[in-house]
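For reference, the chains in residue letters:
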Amino acid sequence: MPPTQPRNLNQNAERCAILIMSLGEDTAADVFRYLSTREVHEIGTAMANLKQVTRGDVDRVLEEFRQEADQFMAVSLGTDEYIRSVLNKALGADRAASVIEDILEADSRSNNGIDALNLLEPSAIAELIKDEHPQILATILVHLERDRASAVLGYLDDRLRNDVMLRIATFGGVQPDALQELTSVLNDALSGQGAKRSKMGGVRTAAEILNFMTTTDEEALVTSLRDIDADLAQRIVDEMFVFENLIDVEDSSIQIILKEIDTNSLTIALKGAPDELREKFFRNMSNRAAEMLREDLEAQGPVRMSKVEEEQKNILSLARKLAEAGQITLSRGGNDEYV
């Protein structure tokens, strides 16, 4: 067979061998981890027996794989029933019900301006929207990912930031006129297609955005909100989950968090933390690990407060992601005073 002509690939093992060899060593190794011993042996033998694999062979196998993958996705994954089934298994019926509608709505529309904004750097988003009306800014920010919205707020001046956060906290959804204005703004800026009617916003959204801000900006915003509406500010604070609230989290959840965080990060985060919170972590570790952490805390020199707060925020961010994935449960202490 001339080396420039694609070979006659009749055996699945040979096709798999060519496909895996085209992935690169690291990715190929990851694929093999999911195969049975028999499959590894069969495909490995096919790889060893391959001689003079041409570019045509590779292109043909990749194209066949793409077509088969597209067909599988269309038949197996492209249904509302499949999405509902997966989410119910992953999140449980109650939690899944609250997100299925939004996911299915999002799937039925093309990529819009909000989606495009989520791909930009926070500084670029802030520059793009900073001259818009505060209500438009609030409408945009409640649609962004929480950490991105928080970062965008950091680029606004204090007066505008306070105004926008107040509007986020009292946000009740996008009315048709406001939706049309938002669509126009994003179409002009990004050639987007407009956003769906929002079910987001409110006290919880404001609290989630504040959770991602630096402590200094967080305190300044809450203080400003207290001057405007003390009751609203307190309701936002009650919804916030701060590092000290980990005291109220179940031990099983703390153990899961400990598996995901770096010891150095935890050591810094616990610097200056209440003894009760430290003990919470100690008793959910092995005796040796707890003893080593105690020794590290005692031996640790002075640490900048900004660094402590940064590590605490990182751990909280991880905890929220684990909670959203249904792996842990976070309790919020509603009686904490904000200082």
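On a predicted model such as this, the values are computed, not experimentally measured, just so you know. (Residues numbered from 1 in each chain as written. Predicted model: local features only at pLDDT ≥ 70, side-chain atom pairs only at ≥ 80, totals over all residues. Heavy atoms only, no water.)

Looking at the overall build of the protein chain
Stated formally: A run of H or I in DSSP becomes a helix once it reaches four residues, and a run of E becomes a strand once it reaches two; helices and strands are each numbered from the N terminus. Under the scheme applied here, a residue whose accessible area is under 20% of the maximum for its type counts as buried, over 50% as exposed, and between as partly exposed, the area being computed with a 1.4 Å probe on protein chains only. The contact rule is simple, with two residues in contact once any of their heavy atoms fall within 4.5 Å.
Per the secondary structure count, the protein chain includes 20 helices and zero strands. Classification of the 339 residues of the protein chain by burial places 39% in the buried group. For the protein chain, the proportion of contacts with a sequence separation of at least 24, taken over those separated by at least 6, is 75%.

Concerning the packing of aromatic side chains
Put simply, the rule reads: Stacked, tilted and edge-to-face pairs are distinguished by plane angle, under 30 degrees for stacked and over 60 for edge-to-face with tilted covering the rest, among Phe, Tyr and Trp rings (Trp via its six-membered ring) whose centres lie within 6.5 Å. The rule for a charge over a ring is simple: NZ of Lys or CZ of Arg within 6 Å of the ring centre, and within 35 degrees of the ring normal.
Under the definition given, this model contains zero aromatic pairs. Just above the ring of F282 sits the side chain of R294; from NZ or CZ to the centre is 4.1 Å.

A short note on the pattern of salt bridges
What counts, and what does not: The term salt bridge refers to a pairing of a side-chain nitrogen on Lys or Arg with a carboxyl oxygen on Asp or Glu at a separation within 4 Å.
Summed over the entire model, instances satisfying the criterion amount to 13 salt bridges. Note that R60 is salt-bridged to E64, the shortest N-O span being 3.4 Å. On the criterion of helical spacing, the pair formed by R60 and E64 is a turn pair, its members being four residues apart in helix α4 (residues 55-77). For D158, the salt bridge is made with R161, and the minimal N-O distance between the two is 3.4 Å.

Examining helix α18 (residues 275-282)
What α18 keeps buried is the set L277, K280, F281 and F282. Where α18 is buried, its residues contact α16 (251-260), α17 (263-269) and α19 (287-299).

Quick word on the nonpolar core
Quick reminder of the rule: By convention a nonpolar core is built from buried Ala, Val, Leu, Ile, Met, Phe, Trp, Tyr and Cys residues, the set being connected through side-chain atoms within 4.5 Å.
In this structure, L141, L153, V164, M165, I168, L210 and I236 are the most contacted members of the largest nonpolar core, which totals 35 residues. Those elements that provide at least two residues to this core are α8 (122-129), α9 (134-143), α10 (146-153), α11 (158-169), α13 (203-211), α14 (215-228) and α15 (230-239). Here the element with the most residues in this core is α9; it accounts for six residues. When sequence neighbours within four positions are dropped, the list of residues in contact with I236 reads A169, V203, A206, A207, L210 and L225. If you look at the next biggest cluster of nonpolar residues, it comprises 26 residues, including I254, L277, L318 and L322.

What to know about the confidence of the model for the protein chain
Basically, it comes down to this: The pLDDT value expresses, per residue, how confident the predictor is, ranging between 0 and 100.
Across the protein chain, the average pLDDT comes to 75, with 71% of residues at 70 or higher. Low pLDDT, under 50, characterises residues 1-10; the predicted model gives this stretch 25 contacts beyond four residues in sequence or across chains. Scored below 50 in pLDDT, residues 191-199 shows 38 contacts in the model against residues more than four places distant or in partner chains.

Some points on α8
Stated formally: Note that the arc is computed from the directions linking the helix axis to the C-beta atoms.
Of all the positions in α8, only P122, I125, A126 and I129 are classed as buried. Summarising the axial view, the buried residues of α8 lie within an arc of 100°, below the 170-degree limit, and thus occupy one face.

A word on the packing of α18 against α19
The line we're drawing: Axis lines are fitted through C-alpha atoms, for helices just across the contact stretch, and the angle between N-to-C directions can take any value from 0 to 180 degrees. Amino acid classes used here: Ala, Val, Leu, Ile, Met, Phe, Trp, Tyr, Cys and Pro are nonpolar; Asp, Glu, Lys and Arg are charged; the rest, including Gly, are polar.
Taken N-terminus to C-terminus, the directions of α18 and α19 make an angle of 145°; their axes are 9 Å apart at the nearest point. Of α19, the residues touching α18 (which contributes R278, E279 and F282) are A290, L293, R294 and L297. Classifying every residue of the contact of α18 with α19 by side-chain character gives four nonpolar, no polar and three charged.

Considerations on the environment of I228
Following the sequence through the fold, I228 ends up in helix α14. Judged by relative accessible area, I228 falls into the exposed class, the value being 52%. Distance in space between the C-alpha atoms of I228 and N162 is 9.7 Å, their sequence separation being 66 residues.

Brief notes about the environment of Q300
Along the chain, Q300 falls in the loop between α19 and α20 (305-324). For the pair formed by Q300 and I268, sequence separation is 32 residues and the distance between their alpha carbons is 8.6 Å. Q300 has contacts with T267, I268 and K271, leaving out every residue within four places of it along the chain.

Here we look at a negative patch on the surface
Inclusion rule: Patch members must show over 30% relative accessible area and no salt bridge, and they are joined within 9 Å when carrying like charges or within 5 Å when they are nonpolar side chains of Val, Leu, Ile, Met, Phe, Trp or Tyr. Each accessible area is a Shrake-Rupley estimate made with a 1.4 Å probe; only the visible protein chains count as cover when residues are assessed. Here the positive residues are Lys and Arg and the negative ones are Asp and Glu; neither His nor the chain ends is included. Taken as the charge centre is NZ of Lys, CZ of Arg, CG of Asp or CD of Glu, depending on the residue.
A cluster of acidic side chains, namely E291, E295, D296 and E298, defines a negative patch on the protein surface. Here E295 shows up in helix α19. Since its relative accessible area comes to 44%, E295 is described here as partly exposed.

Brief notes about the packing of α11 against α14
The criterion, for reference: Here the angle decides the label: under 35 degrees means roughly parallel, over 145 means roughly antiparallel, 65 to 115 means roughly perpendicular, and every other value means oblique. By definition, turning the near helix anticlockwise from the far helix through less than a right angle yields a left-handed crossing, and turning it clockwise yields a right-handed one.
Viewed as axis vectors pointing N to C, α11 and α14 meet at an angle of 70°, and their least axial separation amounts to 10 Å. Considered as vectors, α11 and α14 are oriented roughly perpendicular to each other. In terms of crossing hand, the pair formed by α11 and α14 is right-handed. Across the interface between the two elements, R161, N162, M165 and L166 of α11 pack against D217, L221, S224, L225 and I228 of α14. The residue makeup of the contact of α11 with α14, split by class, is five nonpolar, two polar and two charged.

Describing the side chain of S253
Applied cut-off: As used in this structure description, the phrase polar contact means that two N or O atoms lie within 3.5 Å; if the pair is within protein, one of them must be able to donate a hydrogen and the other to accept it, and residues adjacent in sequence are counted only when both atoms belong to side chains.
Tracing the backbone through its elements, the reader meets S253 in helix α16. By relative accessible area, which is 3% here, S253 ends up buried. Among the polar contacts made by the side chain of S253, one reaches the main-chain amide nitrogen of T329 at a distance of 3.3 Å.

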